[in-house]
Every structure is written in C-alpha cells, then in structure tokens.
Amino acid sequence: MKYYLIAGEASGDLHASHLMQQLRQQDPSAAFRFFGGDMMAAVGGTRVRHYRELAYMGFVPVLLHLPTILKNMRLCKQDIAQWQPDVVILVDYPGFNLDIAQYVHSRGICPVYYYIAPKIWAWKEYRIKNIKRDVDELFSILPFEVEFFEEKHHYPIHYVGNPTASEVRAYLNEKSKLSGEHFSDLPIIALLAGSRKQEIKENLPAMIAATQHLADRYSLVLAGAPGIEPSYYVPFLKDSKVKLVQNQTFSLLAEATAALVTSGTATLETCMFGVPQVVCYRTPMPRLFGLLRNLFLKVRYVSLVNLIARREVVRELVADTFSVDNIRRELDTILPGGEQRPQMLSDYEEIHRLLGDSQAPETAARIIINKLHKQ
C-alpha cells in the first residue's frame, strides 16, 4: 500500500520514522512519500519537503513566513492528489495537518488517519469539529486523551501507548553511551532548549546564565536539536562553559544528573530516563501572558509529565515565573542533596506505570493496516 505521511517537527519525524518501520515490517509492499525529516528519510521512500521548511511557531514568525507556509500547503495538496495514496497519515502539527485533512476528505482521495492526536485539550478545543468531519481514525499516545475525546466529545479513538516510552525503553536496552570525548568526568547537567530556533533563542540564554555557577562541579552539556545546524548555537555558547553535542539527546539523558528542559516531548523523555528536571518556557510579554493564560489554556500545566500525572511532579517556570534566579533556585533543589530530588524520582515511577508497556508504533501500524484492508 501507499502511505503519505506529514510530520512538521523533530519529535514528529522521530515518531513517524518508527511508525514507518513497523508499517514496512507488517506490510512488505509499503511505499512511502512524506513531508518530514532525516529519520523518516532513513527508513526510505520519497521526501517531498523537510520539516525545517514548515516548523515556524509564534504569531510573528508564522506571519513573516506565511507565503512559504501557504506555498508548502499547496504543494502538499497537489502532491497527494497526484500520487493517490491509500491513506494519509498525519503526525501532530495541527495548524498545517488539519488543513490537509480537510482537503483530502473533501475530495475523497483516501482515508485520513491521525497518529499522535492534536493537543486540542490544551487550547483550540473548537478543532474537534474539524477532526470529527475530516479524520477517519485518530490515534492517541496520552492516556488522559481517551476521556477527553470519547467521553467529552463522543469521538472514538485508539489509545496505542506512548512512543516516547517505547523509544526510551528500546534505547536503554541497547545501553548506548555518550562518547566521553565531549565532556569531562564530572556529573552532567543537561540543557534541552527546544527543537525550534525561536524556542532556543528565548530559553537558552537564561539556561546558560542559571548554570554558570555550577561549571566547576558539573559538566554543562547542551543537546543540539535535530534539524538545527551547530553554527546556530555558537553565539549563545560564546564565553560560556557549555558544551554542545549534536543529535545525541538520548545518550546525554542516559548520563545526566539533572536537566533544564524547554516544554515539549523532551520533558517526557527526561522523565523516562529518570533525570530530575526543571521545565523552562519563556514567552514574549510574560506578564501579560501570565494574566491571560487561564483564558486561553484549558489545562493547568504545560509539561507532559504533569499533564499525565494530573498534578505537579516537575516545577514549571513559564511566562511570568520564568527568570534566571528562579531557574537557578529550582535547579539547586533537584541536584544531589536537594530536597525535591527524592520525591521527583519517586513520582517518575507513577508516570512509568500510567504509560504502561505498550509498543505504540507496532500497535498503531497493526490497526492502520487492518483498517485499510477493510476499506
């Protein structure tokens, strides 16, 4: 069968690549065409566009790049119509993907399956109307989403387990290690500053400033994000003691003692590796954002760890609580000897239990293929 996949960022590229591997294993005739990244390309098929050309966030960056975004949307729609796949599989990234879903559904080209449900429970809940209308099958990776979609909105979904949990378990089983040439034998504080340039620009300077007083006792190591060229980090790291490792986030987390993490999938990855963390997310006009947050966000937390636990397991410094002093203070509490470290490590065990042992890509691939055979 012919599978057309669309992933718009680094985490989507990772999850989609594992899904593609399982689809190919269960369907040897599988052919792929996709918008995605290097990990999807490594599986095989034809990449139409790299996600670097799609991954814009925030009102101003999106506005500035609107012509490019619209051009890529037109290209994607035309390419799907010309290739005539058996299914379009969307991976998160709702701003782009829901528009594609509407196009594919309205023209009856093929079924639309959504792997990794859009986080409309956080904001833009009105998008449920588009999902009900345009998406044939929805695959969830967060246990609390079942209640949101099925009980609140009466829309049946497939909970397949969490791919991040599966990926970390698989990595730990291989017991890979970060090459020692990158840093000293000191314990490591990992900096995970986001997967997009705007996130890095907003968060990394404060992370560096908050950790410099520890540079004589810890190795400060920054995880370079996939799709971000190493040269982009150079101005931020100048005159600091932070070392950069590229495309080795799992290896870094496997060795880290603590971490500063920009909100996103990385917060859950850090939890699964058992690394105490502080979640940091700077926003423009932080005081105004802090005041308006309750009006726009439908959830109390921004990190996946706290959302899954439905309580504060890790400290979130967002908008008006984001500052160098606050980051430094909270980091001290989770380093060895800190008063919050034992409780956080204990709470992580609950997250492991809630996510379970399901192999998300394998389960999702099996459901996708079975559904398509019944079309």
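Residues numbered from 1 in each chain as written. Predicted model: local features only at pLDDT ≥ 70, side-chain atom pairs only at ≥ 80, totals over all residues. Heavy atoms only, no water.

Visitor: What's the story with the overall build of the chain in this structure? I'm lost.
Guide: Of regular secondary structure, the chain possesses 17 helices and 13 strands. With 375 residues in all, the chain has 55% of them scored as buried. A separation of at least 24 residues holds for 65% of the contacts in the chain among residues at least 6 apart in sequence. (Helix = DSSP H or I, 4+ residues; strand = E, 2+ residues; numbered from the N terminus. Buried < 20%, exposed > 50% of the residue type's maximum accessible area, 1.4 Å probe, protein only. Contact = heavy atoms within 4.5 Å.)

Visitor: What is the right way to look at helix α5 (residues 94-106) in this model?
Guide: An α-helical segment advances 3.6 residues per turn. Residues three or four places apart therefore align on the same side. Under the 1.5 Å per step criterion, the end-to-end length of α5 is 17 Å for 13 residues, consistent within 8% with the ideal 18 Å. Within the span of α5, buried status applies to Pro94, Phe96, Asn97, Leu98, Ile100, Ala101, Tyr103 and Val104. Gly108 occupies a position one or two residues after α5 and carries a positive phi of about 60 degrees. (Expected span 1.5 Å × (residues − 1).)

Visitor: I tried to follow the sheet that holds strand β10 (residues 242-246) on my own but got confused; where do I start?
Guide: Strand pairs in the sheet, formed through backbone hydrogen bonds, run parallel or antiparallel to each other. Taken together, the six strands give an open sheet; going across it, the order is β10-β9-β8-β11-β12-β13, and neighbouring strands pair in parallel fashion. Looking at the sheet topology across the chains shown, the edges are occupied by β10 and β13 (315-318). Ignoring strand direction, the axes of neighbouring strands in this sheet form an average angle of 25 degrees. (Pairing = 2+ DSSP bridges. Axes fitted to C-alpha atoms, helices over the stretch in contact; angles between N-to-C directions.)

Visitor: Got a minute to help me understand the pattern of salt bridges in this structure?
Guide: Opposite charge on two side chains lets them pair, provided their charged atoms get close. A full pass over the atoms with the stated rule returns 16 salt bridges. Ionic pairing is found between Arg196 and Glu199, a salt bridge with its closest N-O pair at 3.5 Å. Comparing Arg196 with Glu199, the two get one shared label, buried. One salt bridge connects Arg311 with Asp347, and the closest N-O pair in it is separated by 3.2 Å. Of this pair, Arg311 sits in the loop between α14 (304-309) and β13 while Asp347 sits in helix α16 (residues 341-355), and the two are 36 residues apart along the sequence. Assessed through its relative accessible area of 31%, Arg311 is described here as partly exposed. For Asp347, a relative accessible area of 8% translates into the label buried. One continuous salt-bridge network, built from bridges that share partners, spans Glu9, Arg196 and Glu199. (Salt bridge = Lys/Arg side-chain N within 4 Å of Asp/Glu carboxyl O.)

Visitor: Please clarify how the packing of aromatic side chains should be interpreted in this entry.
Guide: The geometry of an aromatic ring pair is captured by two quantities: the separation of the ring centres and the angle between the planes. Under the criterion given, the structure shown has twelve aromatic pairs. A ring pair is formed by Phe35 and Phe96, whose centres lie 6.2 Å apart and whose planes are at 40 degrees; its orientation type is tilted. Here the residue Phe35 occupies a position in strand β2 (residues 31-36), and Phe96 occupies one in helix α5, the gap between them amounting to 61 residues. By relative accessible area, Phe35 is classed as buried at 0%. Owing to a relative accessible area of 3%, Phe96 belongs among the buried residues under this scheme. (Phe/Tyr/Trp six-rings, centres within 6.5 Å; stacked < 30°, edge-to-face > 60°.)

Visitor: How do you make sense of unusual backbone geometry when you look at a structure like this?
Guide: As a rule of thumb, non-glycine residues mostly have phi less than zero, and peptide bonds are mostly trans rather than cis. Positioned with a positive phi, Asp92 is a non-glycine residue whose angle comes to about 50 degrees. Within the secondary structure, Asp92 is located in the loop between β4 (87-91) and α5. Overall, the relative accessible area of 13% leaves Asp92 in the buried class. Unusually for a residue other than glycine, Asp239 sits at a positive phi of about 65 degrees. What makes Asp239 exposed here is its relative accessible area of 76%.

Visitor: Help me out: how do you make sense of the environment of Ala266 in this one?
Guide: Take Ala266: it is sitting in helix α12 (residues 265-272). Taking relative accessible area as the criterion, Ala266 reaches 19% and is therefore assigned buried. Spatially, the C-alpha atoms of Ala266 and Ser303 are 9.1 Å apart, while their sequence positions differ by 37 residues. Residue contacts for Ala266: discarding those within four places in its chain leaves Leu192 and Val261.

Visitor: Explain the sheet that holds strand β7 (residues 158-159) to me, please; I cannot follow it from the model alone.
Guide: The parallel open sheet is built from seven strands, whose spatial order is β3-β2-β1-β4-β5-β6-β7. The open sheet has two free edges, formed respectively by β3 (46-50) and β7, since each of these has just one partner strand. Note: strand β1 (residues 2-7) against β2, five bridges, orientation parallel. Residue pairing for β2: Ile6 is matched across the bridge by Phe35. Across the sheet, helix α1 (residues 10-26) is in contact with β1, β2, β4 and β5 (112-115); its angle to β1 comes to roughly 165 degrees. Sitting on the sheet, α5 is in contact with β1, β2, β4 and β5, with an inclination near 160 degrees to β5.

Visitor: Can you help me understand the pairing of β4 in this one?
Guide: Along any regular strand the residues' side chains alternate between the sheet's two faces. Across the five residues that make up β4, a large majority, five, are buried. Here β1 runs beside β4; their pairing, made up of five bridges, is parallel. When the sheet's bridge partners are listed, Tyr3 is paired in β4 with Val87. Pairing between β4 and β5: four bridges, direction parallel. Looking at β5, one finds that Ile89 is bridged to Tyr113. After leaving β4, the chain enters α5 and then returns to the sheet as β5, a path that is right-handed. (Right-handed = clockwise from strand over helix to strand, strands pointing away.)

Visitor: How should the packing of α1 against helix α8 (residues 163-174) be read in this particular structure?
Guide: Two measures define how a pair of helices packs: the angle their axes make with one another and the distance between the axes. Axis separation between α1 and α8 bottoms out at 11 Å; the angle between their running directions is 75 degrees. Considered as vectors, α1 and α8 are oriented roughly perpendicular to each other. Across from Leu14, His15 and His18 in α1, the residues of α8 making contact are Pro163, Thr164 and Glu167. Within the contact of α1 with α8, the residues separate by chemical class into two nonpolar, three polar and one charged. (Parallel < 35°, antiparallel > 145°, perpendicular 65-115°, else oblique. Nonpolar A, V, L, I, M, F, W, Y, C, P; charged D, E, K, R; others polar.)

Keep in mind that these numbers describe shape and distance, not what the molecule does.
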